[in-house]
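Architecture at a glance
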Amino acid sequence: MSAFDPEAEIEQMGIPIYYLNLQDTIAAWDAEHRKVYCTHGLSSAQRRSALCHELGHITLGHRECMFGGSTPVAAIIQERNAELWAARKLISVVELAIARDSGLPNATIAQAYGVTERMYRARLLAEEEDERRWLSPLNEYR
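Predicted model, so just to flag it, every value in this text is computed and none were measured. (Residues numbered from 1 in each chain as written. Predicted model: local features only at pLDDT ≥ 70, side-chain atom pairs only at ≥ 80, totals over all residues. Heavy atoms only, no water.)

**A look at the overall build of the chain**
When helices and strands are tallied, the chain shows six helices and three strands. Of the regular secondary structure in the chain, the N- to C-terminal order runs α-β-β-β-α-α-α-α-α. When each of the 142 residues of the chain is scored for burial, the buried share is 39%. Taking the intrachain contacts of the chain between residues at least 6 apart in sequence as the baseline, contacts between residues at least 24 apart amount to 57%. For the chain, the exposed surface amounts to about 8,500 Å²; the carbon and sulfur share of it is 53%. (Helix = DSSP H or I, 4+ residues; strand = E, 2+ residues; numbered from the N terminus. Buried < 20%, exposed > 50% of the residue type's maximum accessible area, 1.4 Å probe, protein only. Contact = heavy atoms within 4.5 Å. Areas by Shrake-Rupley, 256 points an atom, 1.4 Å probe, with all protein chains shown as cover.)

**Observations concerning the sheet that holds strand 2 (residues 27-30)**
Hydrogen bonds between backbone groups are what pair the strands of a sheet, and the pairing can be parallel or antiparallel. Spatial ordering of the open sheet is given by 1-3-2, a layout of three strands whose pairing is mixed. Edge positions in the open sheet fall to strand 1 (17-20) and strand 2, since each of these has one partner strand only. The sheet shows a mean angle of 20° between the axes of neighbouring strands, taken without regard to direction. In terms of strand pairing, strand 1 meets strand 3 (residues 35-39) through four bridges, oriented parallel. (Pairing = 2+ DSSP bridges. Axes fitted to C-alpha atoms, helices over the stretch in contact; angles between N-to-C directions.)

**Concerning the side chain of Asp30**
Relative to the helices and strands, Asp30 resides in strand 2. No salt bridge is formed by the buried Asp30, whose closest oppositely charged neighbour, Lys35, lies at an N-O distance of 6.1 Å. Among the polar contacts made by the side chain of Asp30, one reaches the side chain of His33 at a distance of 2.9 Å. (Lys, Arg positive; Asp, Glu negative; His and termini not counted. Salt bridge = Lys/Arg side-chain N within 4 Å of Asp/Glu carboxyl O. Polar contact = N/O pair within 3.5 Å; in protein donor to acceptor, adjacent residues only side chain to side chain.)

**Some points on the pattern of salt bridges**
Counted under the stated rule, the structure contains eight salt bridges. The residue Glu7 makes a salt bridge to Arg47 at a minimum N-O spacing of 3.8 Å. Of this pair, Glu7 sits in helix 1 (residues 6-12) while Arg47 sits in helix 2 (residues 44-59), and the two are 40 residues apart along the sequence. Judged by relative accessible area, which is 23%, Glu7 ranks as partly exposed. For Arg47, a relative accessible area of 29% gives the class partly exposed. Residue Arg100 is joined to Glu131 by a salt bridge in which the shortest nitrogen-to-oxygen separation is 3.8 Å. Here Glu131 lies in helix 6 (residues 117-135) and Arg100 lies in helix 4 (residues 93-102), a separation of 31 residues in the sequence.

**Regarding the nonpolar core**
Side chains of a nonpolar character, in soluble globular proteins, are inclined to be buried together. The biggest cluster of nonpolar side chains holds 31 residues, and the ones touching the most others in it are Ile10, Val36, Leu90, Ile91, Val115 and Tyr120. Counting only elements with at least two residues in this core, the list comes to strand 2, strand 3, helix 2, helix 3 (73-90), helix 4, helix 5 (106-113) and helix 6. (Core = buried A, V, L, I, M, F, W, Y, C linked by side-chain atoms within 4.5 Å.)

**A word on the pairing of strand 3**
Pairing geometry for strand 2 and strand 3, over four bridges, is antiparallel. Residue pairing in the sheet places Ala27 in a bridge with Cys38 of strand 3. Here strand 2 folds back onto strand 3, and the loop between the two strands holds four residues, one of which, Arg34, carries a positive phi near 50°.

**So, helix 4**
Since the α-helix turns once every 3.6 residues, residues separated by three or four places project in the same direction. Within the span of helix 4, buried status applies to Glu95, Leu96 and Ala99. For helix 4, the angular spread of the buried residues around the axis is 100°, confining them to a single face. Residues of helix 4 that are exposed and point more than 90 degrees away from the buried face comprise Val93, Val94, Ile98 and Asp101. In the core, the buried residues of helix 4 are packed alongside helix 3, helix 5 and helix 6. Positive backbone phi, approximately 75°, marks Gly103, located one or two places after helix 4. (Arc of directions from axis to C-beta.)

Listed below in structure tokens is the structure:
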């Protein structure tokens, strides 16, 4: 598991994290009030993954939120971008290569890296996007 600690990163930014009973969500970034809310009682992998996702929203400057109402296209795109950003922060390219070569089940890999299985799947998706981005300029030479 990488040493990256999203909880510490958020706190270093001077943004408080409130742990409480949330309904219909695990965590949320309140951009207007500059607060992060997180459901208490989560496993360490759930908390780490959720807080890193919210850190993604903060870092990427997201203002829209899926929490508490409508789901405009912009908010859906922001959710996806925050998830992929978090996945890249929590699992390095080297860790991902080792995981893919291991042949182990996704749940086992996720547990080893201290993330949820969903976050590991997001990292696989992020890698596919990165590969497409890197390989597309090569098509110009054909």
